[in-house]
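Next come the chains, spelled out residue by residue.
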Amino acid sequence: MSRIGRQPVAVPAGVTVDIKEGNVVTVKGPKGTLERALPEEMTIKMEEGQVVVTRPNDLKKMKALHGLTRTLIHNMVVGVSEGYQKVLEVNGVGYRAAKQGKKLVLNLGYSHPVEIEDPEGLESSVDGNKIIIKGISKEKVGQYAADIRDKRRPEPYKGKGIKYADEVIRRKVGKTGKK
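Thresholds, definitions, all that
- Residues numbered from 1 in each chain as written.
- Predicted model: local features only at pLDDT ≥ 70, side-chain atom pairs only at ≥ 80, totals over all residues.
- Heavy atoms only, no water.
- UniProt positions renumbered as here; feature names shortened; annotations may be inferred.
- Pairing = 2+ DSSP bridges.
- Helix = DSSP H or I, 4+ residues; strand = E, 2+ residues; numbered from the N terminus.
- Axes fitted to C-alpha atoms, helices over the stretch in contact; angles between N-to-C directions.
- Expected span 1.5 Å × (residues − 1).

The protein chain has the name Large ribosomal subunit protein uL6 in an unreviewed UniProt entry, where Candidatus Scatomonas pullistercoris is given as its organism. Under the Sequence similarities (unreviewed entry) heading, UniProt states for the protein chain: "Belongs to the universal ribosomal protein uL6 family." Listed under Subunit (unreviewed entry) in UniProt, the entry text for the protein chain is "Part of the 50S ribosomal subunit."

What follows is the structure, given as structure tokens:
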């Protein structure tokens with residue numbers, strides 16, 4: 001059996017999980033509401049304050065969907081109760097990030113500032129050279145962070161660019177002069 005799929009998802013106090021027909025799962029919590037249609041092959045049930053996912057057979061595809069379905073439900077429960085956040089760092093001389101209303105303005109060495117509008121349900125803030133993205137959907141937080149990072153990826157020689165706070169950049173040695 002799938003080791004992850006086998007584990008029940010504990011539902012904390014203040015969070016409600018509603019399973020509708022067609023495996024549409026709605027999770028409500030103190031931070032908001034998330035809804036997602038999950039694979040119909042899986043059986044999702046509420047048992048004693050826990051969500052249990054079972055699969056119909058042991059085909060390879062079903063095993064994969066089993067773990068995925070359980071993890072997606074777990075991520076929704078954690079999102080509405082605690083929320084998710086990603087931290088990005090802006091490194092480089094003259095590279096800056098600033099917040100203007102709902103817009104994130106980045107000066108990244110281009111001839112123009114790069115402006116990014118915060119997506120629905122996400123919130124970004126700037127603290128010095130750090131950009132903090134918060135939201136209840138793990139997927140949307142990660143995607144928005146990746147979109148910001150793509151505006152100027154870190155380069156391996158000086159380490160300039162936008163990187164995740166926990167990312168390690170493999171540095172390279174620059175050119176050496178000819179003798």
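Draft legend 1. A look at the pairing of strand β4 (residues 32-37). Two elements, strand β3 (residues 24-29) and β4, share six bridges in a ladder whose sense is antiparallel. When the bridges of β4 are listed, Val27 appears paired with Leu34. In this structure, the hairpin formed by β3 and β4 is closed by a connection of two residues.

Draft legend 2. Seen up close, the UniProt feature "domain: Large ribosomal subunit protein uL6 alpha-beta" (unreviewed entry) in the protein chain. Within this structure's numbering, the places UniProt gives as "domain: Large ribosomal subunit protein uL6 alpha-beta" (unreviewed entry) are residues 11-83 and 92-164. Taken end to end, residues 11-83 has its terminal C-alpha atoms 15 Å apart, with 30% of it in helix and 37% in strand. Here residues 92-164 is 18% helix and 41% strand, with 14 Å between the C-alpha atoms at its ends.

Draft legend 3. Examining the sheet that holds β4 more closely. The sheet built from three strands is open, its strands ordered β2-β3-β4 with antiparallel pairing. Each edge of the open sheet is held by one strand with a lone partner, namely β2 (16-20) and β4. Strand-to-strand twist in this sheet, taken as the mean axis angle between neighbours without regard to direction, amounts to 15°. With five bridges joining them, β2 and β3 adopt antiparallel strand pairing. Of the residues in β3, the one forming a bridge with Asp18 is Thr26.

Draft legend 4. How the structure looks around helix α2 (residues 60-81). Taking 1.5 Å of rise per residue, the 22 residues of α2 would be expected to cover 32 Å, and the 32 Å separating its terminal C-alpha atoms lies within 8% of that figure. Residue Gly83 follows α2 closely and has a positive phi angle near 90°.

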